Amino acid sequence: MNKQTLYKNTLTNKGVTSDICDYKIKRASDSISCSYCNKEISHSASYEDGRELCKKCFDNSVHTQEEALEFLPKLINDMKKFGIDCQNMNIPLRLINRKSMEHESKSLKNFIPIGLTSRYNLNSYNSSRQIVHREPVIDSVLILNGLSVTDFCMTLVHELGHCWIHHQDFPQLEPYVEEGLCELLSCIWLKQQNIPERGQKIQNLLNYSSDVYKKGLNRAMIALKDYSFKEIIQYISLKGIFPPRYYN
Ligand SMILES: [Zn+2]
Ligand SMILES: [Zn+2]
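Residues numbered from 1 in each chain as written. Chains lettered and ligands numbered in written order. Predicted model: local features only at pLDDT ≥ 70, side-chain atom pairs only at ≥ 80, totals over all residues.

Draft legend 1. A look at the overall build of the protein. Assigned secondary structure in the protein consists of 8 helices and 8 strands. Out of the 248 residues in the protein, the part that is buried amounts to 29%. (Helix = DSSP H or I, 4+ residues; strand = E, 2+ residues; numbered from the N terminus. Buried ≥ 20, exposed ≤ 12 C-beta atoms within 10 Å, placed from the backbone.)

Written as structure tokens, this is what we have:
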């Protein structure tokens, strides 16, 4: 992870005490637009990756590791209500800047994610080299710093979905099935929040995310018309695909 220079947050007078922040507060010579809400602003929090945030968006975003970790138990609790229990898992959550995310995700071509989970299995073998025990391990859960609270939570719920799936004995899932399931979790979580723009956010995920996510979520939403979330999970756990449509 890159060590970053610390800047005092003069927009809010709140000291930033993390080594992950890569923004500084500046006064622009010309008005610029906030990268999140598009409003014209003269002062902004300026990130090394080019994002410029207005005061309102800046104050409503997640910047420090401490803030990020505070959300974790609440979201794990929310997910337990949907039958997704991550309570006894080790979730090594880290908030990182765009440069680190670019470095961590260099295998993804032309695409820098806002969340990234890496995981592996510690396998035990018998003398015939057959696996006798699988120990699922979550290596890291990385989330981009400076996301709005809503986007941060949706991203963390999505990544917790990957962590949970890794701890189940599911058949091998095609990427669109796994991503669709994790996106569905994010949407189900969002629907329960009192956030006015939640409908628009779900529409954006259905229409504008990259192909594998869009395909997966659209397929998951079709399944949700005929099945409960629990039934969808059960079907995927057995067959590795979304349950069939009732109609053609
Ligand atoms: Zn803004
Ligand atoms: Zn994912």
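From this point, the narrative continues.
Draft legend 2. Expanded view of unusual backbone geometry. Even without glycine at this site, Asn38 takes up a positive phi of about 70°. Relative to the elements of secondary structure, Asn38 occurs in the loop between strand 1 (23-33) and strand 2 (40-47).

Draft legend 3. Structural view of the nonpolar core. Within the largest apolar cluster, 40 residues are counted, with the highest numbers of intra-cluster contacts made by Ile143, Val157, Leu160, Leu181 and Leu185. Elements that contribute at least two residues to this core include exactly helix 2 (65-81), strand 5 (93-96), strand 7 (131-144), helix 4 (149-166), helix 5 (175-191), helix 7 (211-226) and helix 8 (229-239). Filtering out sequence-adjacent residues up to four positions away, Leu181 remains in contact with Gly161, Ala220 and Ile236. Grouped together as the second largest cluster of nonpolar side chains are 6 residues, Ile41, Ala45, Cys54 and Cys57 included. (Core = buried A, V, L, I, M, F, W, Y, C linked by C-beta atoms within 7 Å. Contact = placed C-beta atoms within 7 Å.)

Draft legend 4. View of the packing of helix 5 against helix 7. The N-to-C vectors of helix 5 and helix 7 enclose an angle of 65°; their axes lie 7 Å apart at closest approach. One way to sum up the angle between helix 5 and helix 7 is to call them roughly perpendicular. Crossing angle aside, the handedness with which helix 5 passes helix 7 is right-handed. Here Pro175, Tyr176, Val177, Glu179, Gly180, Leu181, Glu183 and Leu184 of helix 5 come into contact with helix 7, specifically with Val212, Tyr213, Lys215, Gly216, Leu217, Arg219 and Ala220. A class-by-class count of the residues in the contact of helix 5 with helix 7 yields 9 nonpolar, 2 polar and 4 charged. (Axes fitted to C-alpha atoms, helices over the stretch in contact; angles between N-to-C directions. Parallel < 35°, antiparallel > 145°, perpendicular 65-115°, else oblique. Left-handed = near helix turned anticlockwise from the far one by under 90°. Nonpolar A, V, L, I, M, F, W, Y, C, P; charged D, E, K, R; others polar.)

Draft legend 5. Region of the structure containing the pairing of strand 2. Judged from the 2 bridges that link them, strand 2 and strand 3 (residues 52-53) form a sheet pairing that is antiparallel. Opposite Ser46, over in strand 3, you have Glu52 as the bridge partner. Here strand 2 folds back onto strand 3 in antiparallel fashion, the turn holding 4 residues, of which Gly50 has a positive phi close to 100°. (Pairing = 2+ DSSP bridges.)

Draft legend 6. The environment of Pro73, seen in detail. Looking at the element boundaries, Pro73 is found in helix 2. Since 10 C-beta atoms lie within 10 Å of it, Pro73 is described here as exposed. Along the sequence, Pro73 and Cys86 sit 13 residues apart, while their C-alpha atoms lie 9.7 Å from each other.

Draft legend 7. Spatial organisation of helix 2. Here helix 2 spans 26 Å end to end across 17 residues, near enough to the 24 Å set by a 1.5 Å rise per residue. Buried residues of helix 2: Ala68, Ile76 and Met79, and no others. Packed against the buried residues of helix 2 are strand 4 (61-62), strand 5, strand 7 and helix 4. Gly83 sits one or two positions beyond helix 2 and adopts a positive phi of about 90°. (Expected span 1.5 Å × (residues − 1).)

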